[in-house]
Amino acid sequence: FTVGPFDLTIKRGETIFFVGGNGSGKSTVMKLLTGLYPKSTGFLKIDSTEVSTFTRNAYRNLFTCVFSDFHLFDRFYGIEKVDEAYANKLITDMDLKDKTRFENGKFTSINLSTGQKKRLALIISIMEDKQVYVFDEWAADQDPHFRKHFYEVILKDLKSKGKTILAVTHDDKYFNMSDRLIRLNYGEMEEIEKTTFTV
């Protein structure tokens, strides 16, 4: 599967939603943008400086991601000192306090439903406190309450902190929460008006 060619500029602090049908290239584009998939042609730049083999790891470190095919661990990796109280506050906010807690450096359980695992992955993502957040169909397995909470509370809070958000979504009800809407179609990309979107 190939995507492109395309030219995309993302500004710091923007919330961009990526939409399109199954197989349109949304997840592939996310993995290209985060430096997880190698590009065959073209380039990635950060603040006008091209990302090279020497700076790729630093570039990747700008991102925290919850992909649709994520794997959940029972502890944090890459965070030296975890704020246990904050982790448990987020667990409560995500309505998971009866399912798991963060104690002695790890979660007491990750034996959760798919939607609950995504909430726990989101908690880890928030605590990583990176500059760019990537969410690949995060809300797809959530009930209406948490879907609304994700778009209207979590994304809004991340944006207020100056974070850049790249979210793959089908939830047209919440397109107004984005600054820009980009449609993928068989690997090709076009920016569209939110008010004129059709599947």
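Below is a short write-up of the structure. (Residues numbered from 1 in each chain as written. Predicted model: local features only at pLDDT ≥ 70, side-chain atom pairs only at ≥ 80, totals over all residues. Heavy atoms only, no water.)

### Side note on the pairing of strand β9 (residues 180–185)
The test is simple: Two strands form a pair only when DSSP identifies at least two bridges running between them. Strands here mean DSSP runs of E at least two residues long; helices mean DSSP runs of H or I at least four residues long; both are numbered from the N terminus.
Two elements, strand β1 (residues 15–19) and β9, share four bridges in a ladder whose sense is parallel. Residue Phe18 lies in a different strand from β9, and its bridge partner there is Ile182. Pairing analysis gives five bridges linking β9 to strand β10 (residues 188–192), with the strands arranged antiparallel. Paired with Arg183 across the bridge in β10 is Glu190. Hairpin connection, β9 to β10: the antiparallel pair is bridged by two residues, and Tyr186 has positive phi, about 50°.

### Here we look at helix α5 (residues 144–160)
Under the convention used in this document: To estimate the expected span of a helix, count its residues, drop one, and scale the result by 1.5 Å. The bend at a residue is defined as the angle formed between two axes, one fitted to the seven residues ending at that residue and one fitted to the seven starting there. Only protein chains enter the accessibility calculation, which uses a 1.4 Å probe. A residue is then buried if its area is under 20% of the maximum for its type, exposed if over 50%, and partly exposed in between. When checking whether two residues touch, look at their non-hydrogen atoms; a contact exists if any pair is within 4.5 Å.
Across its 17 residues, α5 extends 23 Å between first and last C-alpha, which sits within 8% of the 24 Å expected from 1.5 Å per residue. The largest bend in α5 comes to about 35°, at Phe150. When we look at burial in α5, the residues that qualify are Phe146, His149, Phe150, Tyr151, Ile154, Leu155 and Leu158. Looking at the buried residues of α5, the elements they touch are β1, α3 (84–93), α4 (114–128), β7 (132–136) and β8 (164–168). Gly162 sits one or two positions beyond α5 and adopts a positive phi of about 85°.

### Overview of helix α1 (residues 26–33)
The buried fraction of α1 is high, at six of eight residues. Those residues of α1 that sit buried are Lys26, Val29, Met30, Lys31, Leu32 and Leu33.

### Notes on unusual backbone geometry
Of note in this structure, Asp47 is not a glycine but carries a positive phi near 50°. Inspection of the secondary structure assignment puts Asp47 in the loop between β2 (45–46) and β3 (49–50). Of note, the phi angle at Asn104 is positive, near 50°, even though the residue is not glycine. Note that Asn104 resides in the loop between β5 (102–103) and β6 (106–107).

### Concerning the pattern of salt bridges
Note the threshold: Should a side-chain nitrogen of Lys or Arg be within 4 Å of a carboxyl oxygen of Asp or Glu, the pair is scored as a salt bridge.
In the structure shown here, the tally under the stated rule is 13 salt bridges. With a shortest N-O distance of 3.0 Å, Lys118 and Asp141 are connected by a salt bridge. Residue Lys118 is found in helix α4, and its partner Asp141 is found in the loop between β7 and α5; the two are separated by 23 residues along the sequence. Residue class for Lys118 comes out buried when judged on its relative accessible area of 3%. Between Lys163 and Asp129 there is a salt bridge, and its shortest N-O distance comes to 2.8 Å. With a gap of 34 residues between them, Lys163 in the loop between α5 and β8 and Asp129 in the loop between α4 and β7 connect regions that are remote in the sequence.

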